[in-house]
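What follows is the residue order along each chain.
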Amino acid sequence: MTDNAVNRKKHVLQWHILHRCNLRCTHCYQDDYVSELSADTLSGFLSQYIEFCDTHGFRGHINFTGGEPLLSDALFPLMDKCDKNRITYGLLTNGTLIDADIAGQLAAHKGIRFVQVSIDGTKETHDRVRGKGNFDKAFRGLHYLKDAGIQTMAAFTCHKGNYRELGKVIKAVRKNGIDRFWADRLIPMGSSKEDVLSTEEYREVIKLLTKEHSRRTLFSHTDVHLNRSLQFLEGGNCYYYCDAGISLLTLLADGTLLPCRRLPLALGSCLEKSMSEIYDNSDIIRQLKETTIPEECNSCPKAHLCMGGAKCLSYAMTGDYNRKDINCYYKY
Ligand code: SF4
Ligand code: SF4
């Protein structure tokens, strides 16, 4: 990457480097726990991404995930290669495998920007979803990361079964001194559409997030983010629009490239063609770039900032990503 890379537009690649995982969460999007390509193949994919960013004028950032990315022997060599090529990265993990040694190894990598651990609810709910003891292990891992000086993040996916626990989860996250917290909605990919929040339920979530967002005090430095679709609706000014396929791509463990993990439209395989070739010739990418504002949102004054909300949810619920977000309650 060249010296002026720092001034380029950021591009994010969510990269599932393997599907193997040490847990079997009940809500997991994955349908296989086996796929794992060789370290050389993964290194080749990273070379493709470096080339893609250079030729498309992007400043690359990778969110390594899985499966459980810390199970992969390829993870640290890939981070080393990112460091040599000025690609920054985060790690999305279940947190259970992090000890002082792993946290130290992560901290020794200059490109690491954060580690995110998912929390599914109270201890009881989290352990029911992820297995007994894993709530405590997740927070223990976050503490090792904090001690190593790494920025920590907790993520919460809201659905009908857990959204009422949001306040308790934020409290636990604050109590543990985690740096950042964000919450988003469940997208039903394989899970039942009945688990998706109703508009009234999502409104409750946004209201609570907005209140907690403004509650950063001397006693709690946790930054509660409002940076997901529609979360500006209760007065937040952090607008979000879906950038799937434009400045965001997902690479699965078998080499399949998607616009976003939650928008499962296969663009091609990086085993067969380079990322640039797939991206430059994809009709799906062309359509995503040309997609403007859904018709139902045409007269909305926030349309240029929101662009219709979450494409993945519209796609999962209606089969068409270019629709107004099913949870939008904005009155204008
Ligand atoms: S009407 Fe459409 S653009 Fe306006 S806030 Fe709702 S989803 Fe967003
Ligand atoms: S498809 Fe969904 S998760 Fe992906 S960027 Fe768009 S709104 Fe966000």
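Our structure is the block above this text.
The following paragraphs examine the structure supplied in this document. (Residues numbered from 1 in each chain as written. Chains lettered and ligands numbered in written order. Predicted model: local features only at pLDDT ≥ 70, side-chain atom pairs only at ≥ 80, totals over all residues. Heavy atoms only, no water.)

Looking at the site of ligand 2
Line of reasoning, step 1. Contacts to ligand 2 come from Tyr-240, Cys-242, Ala-244, Leu-248, Cys-260, Arg-262, Ala-310, Lys-311 and Cys-312.
Line of reasoning, step 2. Among the residues making up the shell around ligand 2, the classes are represented as 7 nonpolar, no polar and 2 charged. (Near = heavy atom within 4 Å. Nonpolar A, V, L, I, M, F, W, Y, C, P; charged D, E, K, R; others polar.)

Some words on the site of ligand 1
Line of reasoning, step 1. The immediate surroundings of ligand 1 are formed by Phe-232, Cys-297, Cys-300, Ala-303, Cys-306, Gly-308, Lys-324, Cys-328 and Tyr-330.
Line of reasoning, step 2. Broken down by class, the residue content of the shell around ligand 1 amounts to 7 nonpolar, 1 polar and 1 charged.

Section: the state of the cysteines
Line of reasoning, step 1. Throughout the structure, instances matching the rule amount to 0 disulfides.
Line of reasoning, step 2. You can see Cys-158 has no disulfide; the closest cysteine sulfur is in Cys-312, sitting 13 Å from it.
Line of reasoning, step 3. Cys-158 gets classed as buried once you look at its relative accessible area, which sits at 1%. (Disulfide = S-S within 2.5 Å. Buried < 20%, exposed > 50% of the residue type's maximum accessible area, 1.4 Å probe, protein only.)

Some details on the packing of helix H1 (residues 39–56) against helix H2 (residues 75–84)
Line of reasoning, step 1. Contact geometry for H1 and H2: axes closest at 10 Å, N-to-C directions at 25 degrees. The orientation of H1 relative to H2 falls into the category roughly parallel. The handedness of the crossing between H1 and H2 comes out as right-handed. Each of Leu-42, Ser-43, Leu-46, Ser-47 and Ile-50 in H1 lies in contact with H2, whose residues at this interface are Leu-78, Lys-81 and Cys-82.
Line of reasoning, step 2. Its residues placed into classes, the contact of H1 with H2 shows 5 nonpolar, 2 polar and 1 charged. (Axes fitted to C-alpha atoms, helices over the stretch in contact; angles between N-to-C directions. Helix = DSSP H or I, 4+ residues; strand = E, 2+ residues; numbered from the N terminus. Parallel < 35°, antiparallel > 145°, perpendicular 65-115°, else oblique. Left-handed = near helix turned anticlockwise from the far one by under 90°. Contact = heavy atoms within 4.5 Å.)

Let's talk about helix H7 (residues 199–213)
Line of reasoning, step 1. An ideal rise of 1.5 Å per residue puts 21 Å on 15 residues; H7 measures up with 20 Å between its terminal C-alpha atoms.
Line of reasoning, step 2. Considered for burial, the residues of H7 that qualify are Glu-201, Tyr-202, Val-205, Ile-206, Leu-209, Thr-210 and Glu-212.
Line of reasoning, step 3. The secondary structure elements touched by the buried residues of H7 are strand S5 (152–158), helix H6 (166–175), strand S6 (180–185) and strand S7 (223–224). (Expected span 1.5 Å × (residues − 1).)

A word on the environment of Val-224
Line of reasoning, step 1. Looking at the element boundaries, Val-224 is found in strand S7.
Line of reasoning, step 2. Val-224 sits 162 residues away from Ile-62 along the chain, and the two C-alpha atoms are 22 Å apart.
Line of reasoning, step 3. Beyond its immediate sequence surroundings of up to four residues, Val-224 is in contact with Ile-170, Arg-174, Phe-181, Leu-209, Glu-212 and His-213.

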